[in-house]
Amino acid sequence: MRLLLLPPMIALTVIATLTPAATAATTRATIVVAADGSGDHTNVQDAVNAVPPGNTRPVTILVRRGTYKQQVVIPADKPHITLRGDTRDPREVVLTFDASASTPKPDGSGTYGTSGSASYVISAPDFTARDLTFENSYDEAANGNSQAVAVRTTGDRQVYDNVRFLGNQDTLYANTGSASTFARQYFHNCYVEGDVDFIFGRATAVFDRCVIKALSRGSTDDNGYVTAASTEIGNPYGFLIHRSHLVSDASARTFHLGRPWPAGGSVTARGQVLVRESWLGQQFKDAPWTDMSGLSWREARLSEYRNHGPGATVNDDRPQLTAEQARAFTPERYLAGADGWNPVRRPAHTRPEPGREVLPRDDGWAAATTGTTGGSAARPEDVHVVSTRAQLLAALGDPADNTPRIVYVKGAVDADTDAAGNPLTCDDYAMDGYSLPAYLAAYDPAVWGRTSLPSGPLEEARKASYAKMAAHVTVTIGSNVTLMGLGGDAALKSFGLRISNADNVIVRNLTITDTADCFPQWDPTDGAEGNWNASFDNMEVSASTHVWLDHNTLNDGDNPDSGQPLHFGRPYQVHDGLLDVVRGANYVTLSWNHLSGHDKVSLIGNTDNPTRYAEEDKLKVTLHHNYFDSLGQRTPRVRFGQVHVYNNYYRGGAGHGYSIGVGFGSKVYAESNAFDGIAAAKVLTVFNGTAITARDNLVDGVVTDVVAAYDEANGTALGTDAGWTPALVPRVHPAKALRYLVPAGAGAGRLR
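Here's what I pulled together on the structure shown here. The shown structure was predicted, so the numbers you read here are calculated from the model rather than taken from an experiment. (Residues numbered from 1 in each chain as written. Predicted model: local features only at pLDDT ≥ 70, side-chain atom pairs only at ≥ 80, totals over all residues. Heavy atoms only, no water.)

## Quick notes on the overall build of the chain
Inference 1: For the chain, the count of helices and strands is eleven helices and 53 strands.
Inference 2: By its C-alpha atoms, the chain is 95 × 55 × 50 Å across when sized along the principal axes.
Inference 3: Looking at the chain as a whole, 57% of its 752 residues are labelled buried.
Inference 4: Carbon together with sulfur atoms contributes 50% to the accessible area of the chain, which is approximately 29,100 Å² in total.
Inference 5: Averaging the coordinates of the 66 positive side-chain charges in the chain and doing the same for the 81 negative ones gives two points 7 Å apart. (Helix = DSSP H or I, 4+ residues; strand = E, 2+ residues; numbered from the N terminus. Buried < 20%, exposed > 50% of the residue type's maximum accessible area, 1.4 Å probe, protein only. Areas by Shrake-Rupley, 256 points an atom, 1.4 Å probe, with all protein chains shown as cover. Lys, Arg positive; Asp, Glu negative; His and termini not counted. Charge placed at Lys NZ, Arg CZ, Asp CG, Glu CD.)

## Regarding the pattern of salt bridges
When their charged atoms lie close together, side chains carrying opposite charge are able to pair.
Inference 1: Evaluated as defined, the whole model comprises 35 salt bridges.
Inference 2: For Asp-339, the salt bridge goes to Arg-184, with nearest N and O atoms at 2.7 Å. Of this pair, Asp-339 sits in the loop between helix 5 (331-336) and strand 24 (383-386) while Arg-184 sits in strand 12 (residues 184-188), and the two are 155 residues apart along the sequence.
Inference 3: Owing to a relative accessible area of 44%, Asp-339 belongs among the partly exposed residues under this scheme.
Inference 4: Across the pair Glu-381 and Arg-379 runs a salt bridge, and its minimum N-O distance is 3.2 Å.
Inference 5: A relative accessible area of 1% means that Arg-379 is categorised as buried.
Inference 6: A network of salt bridges, in which partner residues are shared, links Asp-126, Asp-156, Arg-157, Arg-184 and Asp-339. (Salt bridge = Lys/Arg side-chain N within 4 Å of Asp/Glu carboxyl O.)

## Details of the packing of aromatic side chains
Inference 1: As enumerated under the stated definition, the model contains 32 aromatic pairs in all.
Inference 2: Relative to Phe-187, the ring of Phe-165 lies with its centre 5.7 Å away and its plane at 70°, an arrangement referred to as edge-to-face. Here Phe-165, found in strand 10 (residues 158-166), pairs with Phe-187, found in strand 12; they are 22 residues apart in sequence, far enough to count as distant.
Inference 3: A relative accessible area of 0% places Phe-165 in the buried class.
Inference 4: Residues Tyr-650 and Phe-675 carry aromatic rings whose centres are separated by 4.4 Å and whose planes lie at 20° to one another, so their mutual orientation is stacked. With Tyr-650 in strand 46 (residues 649-651) and Phe-675 in strand 49 (residues 674-676), the pair connects residues that are 25 residues apart, well separated along the chain.
Inference 5: Among the residues examined, Tyr-650 registers a relative accessible area of 1% and is labelled buried.
Inference 6: Feature note: the residues Tyr-434, Tyr-439, Tyr-443, Trp-448, Phe-519, Trp-522, Trp-532, Phe-568 and Tyr-572 constitute an aromatic cluster, connected by ring pairs.
Inference 7: Sitting above the plane of the Tyr-225 ring, Arg-259 keeps its charged end 3.8 Å from the centroid. (Phe/Tyr/Trp six-rings, centres within 6.5 Å; stacked < 30°, edge-to-face > 60°. Lys NZ or Arg CZ within 6 Å of the ring centre and 35° of its normal.)

Here is the structure:
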């Protein structure tokens, strides 16, 4: 459809609000607010009142830790104020009030109304807020739905940096003094939450690298609207949401991006909203814009540009800017006005803290499309350090809540512990009378036979016991998360990590060990002699996209399957895969990991059925600079996926069967890998696959055609062209090339 765009070169005429009155020479540069009386004032309004009208000098109102409940007005004739919390954590300074539009005023003159409900009204130009929280604490659950504004802004050239805005309906009223005036407001590294129209008004407002959380109202159809812009048609710039995360724990497709609001019945309001280069959660409808108060959204100026995430798509109901149009709709262009104002913060070029590091450009398939950034956008309140199972679960939160977060693991954390940290054994998970001796007696092939799977009370007891254990040890990681070990001893023992139905996840610098199943199933029909089958993987990436797993160590710890007894003449196997990528997962990079001492290692794709998970154009995975040490098989075994396997080091062992499995529909491109102690004919095996590109691979130090070696040993003619050429490979300067090899696993498994 044709976008309604106005020429961006229209200059914004900013109505001056300053008075020429001279400022008193005695104006304090810093005014301290402290609830305990240790500052200059005990509340914010008194501090504002101490700033003289017509102020021309910068004044900082420093608010010490605490919660301050009152309505505050910062009038238009008091410019150049900075309102700042005294720590960098905005949770520690909370400025709140609890009036709603329907709340009666104390003087009996009626209700507050929407504008009057604001906890803070900030009309001053050249105003800055930093490191604090604005809140409207009106209790919707107790008192019913109503507009309840945390902040109403009307001043020009306002900056809000590392500030939280909390509320429900109509949280942030970004407005101007009148329909004929303009006001520019810049929100950087902010957090805004609400449900209905919770960012609304006619201001020119830029939300840059913010987290915007849509709160669920429990509806399965319509939970609310993020924006309600009332931009006047003479203003080309309304709301810009730029490189932000729009998150929610609401059900999929139950939120709108917004609707155009004709404020006060204005016939000249044509809301302008652009959401660009932002991560959109599952909450958004496929048609995310809707009408309001008789104004069709198609008559407004509502559009997107290069968004990503599960809620991002392109269709006829989602107008998209072209690249040429987008150049005129940047944060700088929104805010410049007639005076060239430019408050835009750009990321510093210093090395970020480890948990905020993102996948480098071109570093494998996880760098495709939008790249992988994990929890790098996490706000201070969403950065956690954990050392127990309970802390880990609390820090990761509900997987459906995709708020960016960073979780650092300190020391070794054991899943087999209770809430008090006491150790648990297999007996603690057993249900309904299950015991291994009883199970062995019931399903001994001499008693049960070898033609059917176990059934009956003990098999049901085994399933119930397994389910109890699975609920305790399985940890599911949601979208926009970085999970990272601190130091060389960070470990997750006995956990089954699941990255399931998520997007944008990073796991780094962890030892993930001994995910053992206490209740493996005996299957007498599996092979000629039957087999024991466990059901836990150390890690599983399932139906997820943009995942980077880097510098991790995965093994069975001090509980290898080789140490298990034989039952019914077969190894009692308590481990399944080490690291599987399945169920249509896509855009995954596995780099610099150390995987060792295990049999079934890495399955990419888990069925030959092309329709079950629609995997034919998915399972795009890169494996590079990993150390595969004394492993049995599946490093990896591939179905369907375009899988790039390069610069990995393989060391053989007694249980080695094969390394790379060429499965059904697979398109493996294997190059520049080194195989030591592995026969050339055992590098590959074929499971209904037809071709693999294999080049420049070393076997015991000699460049070897591993396809030819396989064909010669098996009397086959495997195709040598996988049909594609990898493009996402970081450029490495020749002088640094050697450090990017893994000739002996150096560097794999731990960050240096």
